[in-house]
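Chains, contacts and geometry: an overview
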There are 2 protein chains.
Amino acid sequence: MLHARGLRVTSQRLVILDALRKLGRHSTAEEIGRAVHEELPACSAPTLYATLDLLVEMGLVRRLDAGLGVALYDAGTRPHHHAVCRVCGAVQDIEGEIAPEDALRSAVGRGFEPERAELMVYGVCVACRDASDAPGLAGD
Amino acid sequence: MLHARGLRVTSQRLVILDALRKLGRHSTAEEIGRAVHEELPACSAPTLYATLDLLVEMGLVRRLDAGLGVALYDAGTRPHHHAVCRVCGAVQDIEGEIAPEDALRSAVGRGFEPERAELMVYGVCVACRDASDAPGLAGD
DNA sequence: ATTGGTGCAAATCCTTTGCAATAGC
DNA sequence: GCTATTGCAAAGGATTTGCACCAAT
């Protein structure tokens, strides 16, 4: 898959993805770094971040900002929703590619007390779509 | 309102809230700071952040993390949803205290091309609720 | 052999903290 | 006057960058 993109297969990349998959869910770069160090003690922070960016770009990893001041990384690429605890900061997955309302219900069913639910829609705004549609410019 | 909480009414606090209200939408601390400086040139970053925290705590301001690396502040306290453009980073309000699904529809109706919608539910998880319910401990 | 990847260190950015001076009550 | 609040400067943490070396192809 890396080869297909003309990129090199390095032990760092393999170990980082593997570590992230083993950690399972919402891990900070620091947690991933610690796990990686057990196998690859010399792996550096810049490499870690660069690799995570690459994996995100490749669609193998998702990056998620829960407002905790650190980015969280997730090897599960299926879209899903999240419940963030205001008290302890824990991020709970709401599994499944389900409608937002069902996600909310699911969280409540698991004992989570929602105070506020916010939908973040990620996509392309009108202006940027128009810009990329403009003739003479290479569409993305 | 500040008095009611035994807090002092300072020009900084008034000007910061006023600036944020005038800016209207999702402003970064830096934007707010710039606006504040026009009226209160000496207002410092620590004061700005402290005041914003205070306003958030008082419920007059909401803080929002759109994954852009900076916090956005919003003087509109009514909960609403957001659409973030992957290309230009613009954050669009989806007005109204409406159901997430309607929010998604609303964004599409305005020309936004959604790629991914994620519901963030903020609240209190089971463990933290149980902890605060525990007898002998002061409930929050 | 080539050149993309890596590691080191330092830089950057946003935000917070310590402390003396100031201003609200 | 008492004390919260401010401003300054510097610290702090997460992430990125520049550059020389190394390793995958």
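Our subject is the structure listed above.
Heads up: these notes are all about the structure in this document. Keep in mind the model is a prediction, meaning the values are calculated, not measured.

All right, on to helix H1 (residues 11-23) of chain A then. All names here are of chain A. Taking 1.5 Å as the rise per residue, H1 with 13 residues should run 18 Å; its terminal C-alpha atoms sit 18 Å apart, in good agreement. Of all the residues in H1, the buried ones are Val15, Ile16, Leu17, Ala19 and Leu20. The inward-facing, buried residues of H1 abut strand S1 (27-28), helix H2 (29-39), helix H3 (45-58) and strand S3 (71-74). Count one or two residues on from H1 and you reach Gly24, which has phi positive near 90°.

Let us now look at the interface of chain B and chain A. Residue-level contacts link 41 residues of chain B with 41 residues of chain A. A combined buried area of about 4100 Å² lies between chain B and chain A, and 58% of that area is made up of carbon and sulfur atoms. Ranking the residues of chain B by area buried against chain A places Arg116, Val121 and Tyr122 of chain B at the top, with a combined share of 18%. If you look at where chain B meets chain A, you find four salt bridges. Between Glu113 of chain B and Arg129 of chain A there is a salt bridge whose closest N-O contact spans 3.7 Å. Taken together, the connections running from chain B to chain A amount to 19 residue pairs in polar contact (both at pLDDT 80 or more). Mapped by element, the contributors of at least two residues to the side of chain B that touches chain A are strand S2 (62-65), strand S4 (81-85), strand S5 (91-94), helix H4 (100-109), strand S6 (113-124) and helix H5 (126-133) of chain B. Top contributing element to the side of chain B that touches chain A by residue count: S6 of chain B, with twelve residues. The class makeup of the residues in the side of chain B that touches chain A is 23 nonpolar, seven polar and eleven charged. Inspection of the sheet shows strand S4 (residues 81-85) of chain A paired to S6 of chain B by four bridges, in the parallel sense.

In the vicinity of DNA strand C there are 20 residues, among which Arg8, Thr10 and Thr47 of chain A together with Arg8 and Tyr49 of chain B approach most closely. Protein-adjacent atoms of DNA strand C, using a 4 Å cutoff, are sugar or phosphate at a proportion of 70%. Ser44 of chain A places a main-chain nitrogen or oxygen 3.0 Å from a phosphate oxygen of DNA strand C. Mapped onto the surface near DNA strand C, the elements with two or more residues apiece are H1 and H3 of chain A together with helix H3 (45-58) of chain B. Residues that form the surface near DNA strand C fall into these classes: ten nonpolar, six polar and four charged.

Right, let's talk about the protein's contact with DNA strand D for a bit. Taken together, 20 residues are adjacent to DNA strand D, and His3 and Tyr49 of chain A together with Arg8, Arg13 and Thr47 of chain B come closest. The share of sugar and phosphate among atoms of DNA strand D within 4 Å of the protein is 69%. Contact between DNA strand D and His3 of chain A: a phosphate oxygen at 2.7 Å from a side-chain N or O atom of the residue. Looking at the surface near DNA strand D element by element, the count peaks at three residues for H3 of chain A. Here the surface near DNA strand D is built from residues that sort into ten nonpolar, six polar and four charged.

What counts as what
Residues numbered from 1 in each chain as written. Chains lettered and ligands numbered in written order. Predicted model: local features only at pLDDT ≥ 70, side-chain atom pairs only at ≥ 80, totals over all residues. Heavy atoms only, no water. Helix = DSSP H or I, 4+ residues; strand = E, 2+ residues; numbered from the N terminus. Expected span 1.5 Å × (residues − 1). Buried < 20%, exposed > 50% of the residue type's maximum accessible area, 1.4 Å probe, protein only. Contact = heavy atoms within 4.5 Å. Buried area = accessible area lost by both parts, 1.4 Å probe. Salt bridge = Lys/Arg side-chain N within 4 Å of Asp/Glu carboxyl O. Polar contact = N/O pair within 3.5 Å; in protein donor to acceptor, adjacent residues only side chain to side chain. Nonpolar A, V, L, I, M, F, W, Y, C, P; charged D, E, K, R; others polar. Pairing = 2+ DSSP bridges. Near = heavy atom within 4 Å.

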